[in-house]
Amino acid sequence: MSTTTAPAARAAGASPPQSDPPVRTRDPKRRRKILMAVGGALVAFVFVAPYLVMVLDSLRTSSDVKSTPPSFLPKVWQWDTYAQVLGDDRFLSWLKTSLIVATGSTVIVILVAIPAAYMTSRHRFPGRGAFLLLVLVTQMFAPTSLVVGLYRQFFELNLINTYAALIITNAAFNLAFAIWILHGFFASIPLEVEEAAALDGASRWQVLRRVMLPLTLPGLVTATIFTFIAAWNEYVVALTLMIDDDKKPLTVGMRAYITGYEQHWDQLFAASVIAVVPVVILFAVIEKHLVGGLTAGSVK
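Since this is a predicted model, take the numbers as computed values, not measurements. (Residues numbered from 1 in each chain as written. Predicted model: local features only at pLDDT ≥ 70, side-chain atom pairs only at ≥ 80, totals over all residues. Heavy atoms only, no water.)

A. Focus on the overall build of the protein chain. Along the protein chain, the regular secondary structure elements total 15 helices and zero strands. Within the protein chain, the fraction of its 300 residues that count as buried is 34%. Residue pairs in contact within the protein chain that sit at least 24 positions apart in sequence constitute 73% of those at least 6 positions apart. As displayed, the protein chain has an accessible area near 19000 Å², and 68% of this comes from carbon and sulfur atoms. (Helix = DSSP H or I, 4+ residues; strand = E, 2+ residues; numbered from the N terminus. Buried < 20%, exposed > 50% of the residue type's maximum accessible area, 1.4 Å probe, protein only. Contact = heavy atoms within 4.5 Å. Areas by Shrake-Rupley, 256 points an atom, 1.4 Å probe, with all protein chains shown as cover.)

Here it is, written out as structure tokens:
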């Protein structure tokens, strides 16, 4: 009887019984990705918020910056502040000094750190451990604690108010970090790579320049960016050693916008935004190598 009713039901146009829709299972990986994205956006906002406020304050008038209660957006948008700052001869002099000091310090650090790190990582010589310990100890001294001695030393050398004083000081305080970074990179390269290049007829200088340096490129980039930023942001030594306004770096010179007689908060914030641009550009150019340098050695 059941065999005859089924065809009859199909012939009458009755739809077959449908099964229950499958229950959707939650994807924990997808939820985790969403939570990580939201958390990353919140962390990024915390770090970007001060720069956003700085940009907005640079577009306000000076009276609007000091208004109480403060407003998030400017009441009057002042777009010519950046033109005023870039047209200020004092600002251009400060920018030139910062570029000269940061670039000169970085070049000296890299040129000295490469042979020092290479020799300490490849050769066992008497006093090697003491040398590395001394390099590490010098990293513990802050420029603030030595600024009086530095002033006396440069005064005796007649280097007060010169670019050379700032370049030498910044190079000295950042050299230890660069040596330790590059020492780890050189030590991580197998010795067989260097021996193979030597068997092919390469001299020690050619091995270093054509084999070792390309393999340690992430370390070189890491040492370069950190040295440049440290020299670019240095304040205490520059405040002590530089006297003429046209030879002061940006970190010291920008104080001239806020004095006891006149206060140009809009120009101060605009100058601060412009001062950040070179570092941001440097980060954007070498970001991939920088990440590789910071994570090198984490996985064997």
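Next comes the rest of the account.
B. The arrangement of unusual backbone geometry in detail. One non-glycine residue, Asn158, adopts positive backbone phi at about 60°. Positionally, Asn158 belongs in the loop between helix 7 (143-156) and helix 8 (163-188). Accessibility expressed as a relative area gives 67% for Asn158, which makes it exposed. Positive phi, close to 65°, is recorded for Asn161, a residue that is not glycine. Here Asn161 lies in the loop between helix 7 and helix 8. Under the relative-accessibility criterion, Asn161 is labelled buried at 11%.

C. Looking closely at the pattern of salt bridges. Overall, the coordinates contain five salt bridges when judged by the stated rule. Note that Lys248 and Asp245 form a salt bridge whose closest N and O atoms lie 3.1 Å from each other. The structure contains a network of salt bridges with shared partners spanning Asp57, Arg60 and Asp64. (Salt bridge = Lys/Arg side-chain N within 4 Å of Asp/Glu carboxyl O.)

D. Examining the packing of helix 10 (residues 204-215) against helix 11 (residues 217-233) more closely. Between helix 10 and helix 11, whose axes approach to 4 Å, the crossing angle comes to 70°. Here helix 10 lies roughly perpendicular to helix 11, going by the angle between them. Along its contact with helix 10, which presents Leu213, Pro214 and Leu215, the element helix 11 presents Leu217, Pro218 and Leu220. Of the residues belonging to the contact of helix 10 with helix 11, the class tally is six nonpolar, no polar and no charged. (Axes fitted to C-alpha atoms, helices over the stretch in contact; angles between N-to-C directions. Parallel < 35°, antiparallel > 145°, perpendicular 65-115°, else oblique. Nonpolar A, V, L, I, M, F, W, Y, C, P; charged D, E, K, R; others polar.)

E. Molecular detail of helix 10. Under the 1.5 Å per step criterion, the end-to-end length of helix 10 is 15 Å for twelve residues, consistent within 8% with the ideal 16 Å. Looking at helix 10, one finds that the buried residues are Val207, Leu208 and Met212. Across the axial projection of helix 10, the buried residues extend over an arc of 95°, all falling on one side. Among the exposed residues of helix 10, those oriented more than 90 degrees off its buried face are Trp205 and Arg210. (Expected span 1.5 Å × (residues − 1). Arc of directions from axis to C-beta.)

F. Seen up close, a nonpolar patch on the surface. On the surface, Val43, Phe45, Val46, Phe47, Val48, Leu52, Phe72, Leu73, Trp77 and Trp79 cluster together into a nonpolar patch covering about 1100 Å² of accessible area. Along the chain, Trp77 falls in the loop between helix 3 (62-65) and helix 4 (81-86). Trp77 sits in the partly exposed class, given a relative accessible area of 37%. (Patch = residues over 30% accessible without salt bridge, like charges linked within 9 Å, V, L, I, M, F, W, Y side chains within 5 Å.)

G. A look at the side chain of His183. Summarising the element assignment, His183 is placed in helix 8. Looking at His183, its side chain comes within polar contact range of the side chain of Thr120, at 3.1 Å. Each residue touching His183, except ones within four places of it in the same chain, is listed here: Ala117, Thr120, Ser121, Arg128 and Leu132. (Polar contact = N/O pair within 3.5 Å; in protein donor to acceptor, adjacent residues only side chain to side chain.)

H. Layout of helix 8. Its 26 residues give helix 8 an end-to-end C-alpha distance of 37 Å, which sits within 8% of 38 Å, the value for a rise of 1.5 Å per residue. Of all the bends in helix 8, the greatest measures close to 40° and is centred on Asn174. (Bend = angle between axes of the 7 residues up to and from the residue.)

I. Quick peek at the environment of Val279. As for its position among the elements, Val279 is in helix 14 (residues 265-285). When the C-alpha atoms of Val279 and Ile225 are compared, they prove to be 8.5 Å apart, with 54 residues separating the residues in sequence. When near neighbours in sequence (up to four residues on either side) are disregarded, Val279 contacts Ile229 and Trp232.

J. Expanded view of the environment of Gly184. Within the element layout of this structure, Gly184 appears in helix 8. Separated by 35 residues in the primary sequence, Gly184 and Gly219 have C-alpha atoms spaced 8.6 Å apart.

K. Looking closely at the packing of helix 5 (residues 89-122) against helix 11. As a packed pair, helix 5 and helix 11 sit with axes 8 Å apart at the nearest point and diverge in direction by 145°. Remark: the crossing between helix 5 and helix 11 carries right-handed chirality. Judged by residue contacts, Leu95, Ser98, Leu99, Ala102, Thr103, Ser105, Thr106, Val109, Ile110 and Ile114 of helix 5 engage Leu220, Ala223, Thr224, Thr227, Phe228, Ala231 and Trp232 from helix 11. Each residue belonging to the contact of helix 5 with helix 11 can be placed in one class, and the counts come to eleven nonpolar, six polar and no charged. (Left-handed = near helix turned anticlockwise from the far one by under 90°.)

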